[in-house]
Amino acid sequence: MTTTKPDPRFLAQLTDAAQKLQSLDLQAHVLHEAAPSLLEESAELSQRLLTLVDSLKTALEARVSADLAAKEAAIRAREQAALEKEAARAAALEEKEAQRLAKEQAAAEKAAAKAQAEAEREAAKIAAAEAKAQLLAEKEAQRIAKEQAAAEKAEARAAAAAEKEAQRLAKEQATAEKAAAKAQADAEREAAKQAAAEAKAHLMAEKEAQRLAKEQAAAEKAAEKARLLAEQAAARQAAAEAKALALAEREAAKEAAAAARLQAQQEVEAMKAAAAALKAKQDAERQAAQQAEEAAKARRAEARAQAQAEYEAKQKARQAASLAILEAEKKALASAGR
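Fair warning: this is a prediction, and the values are worked out from it, not measured in the lab.

Enquirer: What's the story with the overall build of the chain in this structure? I'm lost.
Expert: Helix and strand counts for the chain come out as three helices and zero strands. Taken from the N to the C terminus, the helices and strands of the chain come in the order α-α-α. Taken over C-alpha atoms, the radius of gyration comes to 70 Å for the chain, far larger than the 20 Å a tight globule of 338 residues would show. Based on the C-alpha atoms only, the size of the chain along its principal axes is roughly 240 × 30 × 30 Å.

In structure tokens, the structure reads:
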């Protein structure tokens, strides 16, 4: 036994049959006395068919509405599940991103702390080096001052010694001149006595002896004077050499102090340059970490916006599809009614 579906075509056939029953012509085809009752039954059957068509349409519309409601509920459930799944995925991504950012933040803080500790150690080294350089400079200055004082004292002693030596030589020269004069006077007196005692024949010999004595005294005096002059020259040369040696030592000490100060300054400058480079590196690392965090925030915001836009687009597409299906079914029902 075959079944008939209450589709729009069947409803149209029932409506057409009801309309035909209302316009049924029986007068020329049945007995006159049977026509009224048959027309009444035909009208009743037509009305019942129309009522059946209306009931079927109402039931079909109710079934379509129920199906649409079920489909809409299923769509909404699927959309809700998709939304919850998307929200869970976004939450998981956000949590994962937060963990990654937390790790990066911890690493950045650790690197910053390490850099800060290195900077503090470097600053301590620089301070210690500066203090050491200052102490060395002060010690060098004290040593140079002591050496300069010792050199000045030695120079003063050398000058005093030279002056004493000059005074001694002057006294010795005066004593020698006095002794020579006395010897000469004694010799002259002795010669006078001998000249008085001797005869005139010995006058030439006496004069010759006097001349020789004078020459000998003059030679002795000249030799003594030359000796004194040589000693004075030697004393002056010794004093000049001592003074030159003291000056050379002072100059060497000054040059050594200048070299030590220059080296200490160079070491301090090098340490300052290293500290500046370390600070620049720390600033660059902090800036890179900040830029990475901002980029991550921008990526998260973009991902959320994209997910929201995709969800809204899908939601609009589903709603449009549901409305299109509903409109198509309504049009089909309306066509069946006509």
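Right, picking up where we left off after that structure.
Enquirer: Which parts of the structure should I look at to understand the pattern of salt bridges?
Expert: As a working rule, side chains carrying opposite charge can pair if their charged atoms are close by. All told, the structure shown has 18 salt bridges when counted by the stated rule. Note that Glu97 and Arg100 form a salt bridge whose closest N and O atoms lie 2.2 Å from each other. Placement of both Glu97 and Arg100 in helix α2 (residues 35–197) is noted, with a separation of three residues, approximately one turn of the helix. Accessibility expressed as a relative area gives 29% for Arg100, which makes it partly exposed. Where Glu147 meets Arg143, a salt bridge forms, and the shortest distance between an N and an O atom there is 2.2 Å. With Glu147 and Arg143 both in helix α2, this residue pair falls four residues apart, about one helical turn.

Enquirer: Is there a simple way to explain a positive patch on the surface in this structure?
Expert: A grouping of Lys110, Lys114, Arg121, Lys125 and Lys281 is seen on the molecular surface, where their side chains present a positively charged patch. Of all the elements, α2 adds the most residues to the positive patch, at four residues. Relative to the helices and strands, Arg121 resides in helix α2. Under the relative-accessibility criterion, Arg121 is labelled partly exposed at 49%.

Enquirer: Explain helix α1 (residues 8–22) here, please?
Expert: Since the α-helix turns once every 3.6 residues, residues separated by three or four places project in the same direction. Its 15 residues place the ends of α1 21 Å apart at the C-alpha level, agreeing with the 21 Å of an ideal helix rising 1.5 Å per residue. Taken as a whole, α1 has its buried residues at Leu11, Leu14, Thr15 and Ala18. For α1, the buried positions fall inside an angular range of 95° around the axis, keeping them on one side. Facing away from the buried side of α1, by more than 90 degrees, are the exposed residues Arg9 and Lys20.

Enquirer: Help me out: how do you make sense of the side chain of Thr15 in this one?
Expert: Tracing the backbone through its elements, the reader meets Thr15 in helix α1. A polar contact is formed between the side chain of Thr15 and the backbone oxygen of Leu11, at a distance of 2.9 Å. Apart from residues no more than four positions distant in its own chain, Thr15 is found in contact with Leu50 and Val53.

Enquirer: For this particular structure, what's the right way to read the side chain of Glu79?
Expert: Along the polypeptide, Glu79 turns up in helix α2. Judged by relative accessible area, Glu79 falls into the buried class, the value being 5%. If sequence neighbours within four positions are ignored, Glu79 has contacts with Tyr311, Gln315 and Arg318.

Enquirer: Looking at this structure, how should I read the environment of Leu326?
Expert: As for its placement among the helices and strands, Leu326 is situated in helix α3 (residues 203–337). On the basis of relative accessible area, Leu326 is assigned to the partly exposed category, the value being 24%.

Enquirer: Explain the confidence of the model for the chain here, please?
Expert: Parts of the prediction with low pLDDT should not have their coordinates interpreted in detail. Summary statistics for the chain give a mean pLDDT of 83 and a share of 96% for residues scoring 70 or more. Averaged over each element, pLDDT in the chain is lowest for α3 (81) and highest for α1 (88).

Enquirer: Help me understand the environment of Glu104, please; the structure alone is not making it clear to me.
Expert: Mapped onto the fold, Glu104 is located in helix α2. In this structure the C-alpha to C-alpha distance between Glu104 and Ala289, which are 185 residues apart in sequence, comes to 7.8 Å.

Analysis parameters
Residues numbered from 1 in each chain as written. Predicted model: local features only at pLDDT ≥ 70, side-chain atom pairs only at ≥ 80, totals over all residues. Heavy atoms only, no water. Helix = DSSP H or I, 4+ residues; strand = E, 2+ residues; numbered from the N terminus. Rg over C-alpha atoms; globule rule 2.2 N^0.38 Å. Salt bridge = Lys/Arg side-chain N within 4 Å of Asp/Glu carboxyl O. Buried < 20%, exposed > 50% of the residue type's maximum accessible area, 1.4 Å probe, protein only. Patch = residues over 30% accessible without salt bridge, like charges linked within 9 Å, V, L, I, M, F, W, Y side chains within 5 Å. Areas by Shrake-Rupley, 256 points an atom, 1.4 Å probe, with all protein chains shown as cover. Lys, Arg positive; Asp, Glu negative; His and termini not counted. Charge placed at Lys NZ, Arg CZ, Asp CG, Glu CD. Expected span 1.5 Å × (residues − 1). Arc of directions from axis to C-beta. Polar contact = N/O pair within 3.5 Å; in protein donor to acceptor, adjacent residues only side chain to side chain. Contact = heavy atoms within 4.5 Å. pLDDT = per-residue confidence, 0-100.

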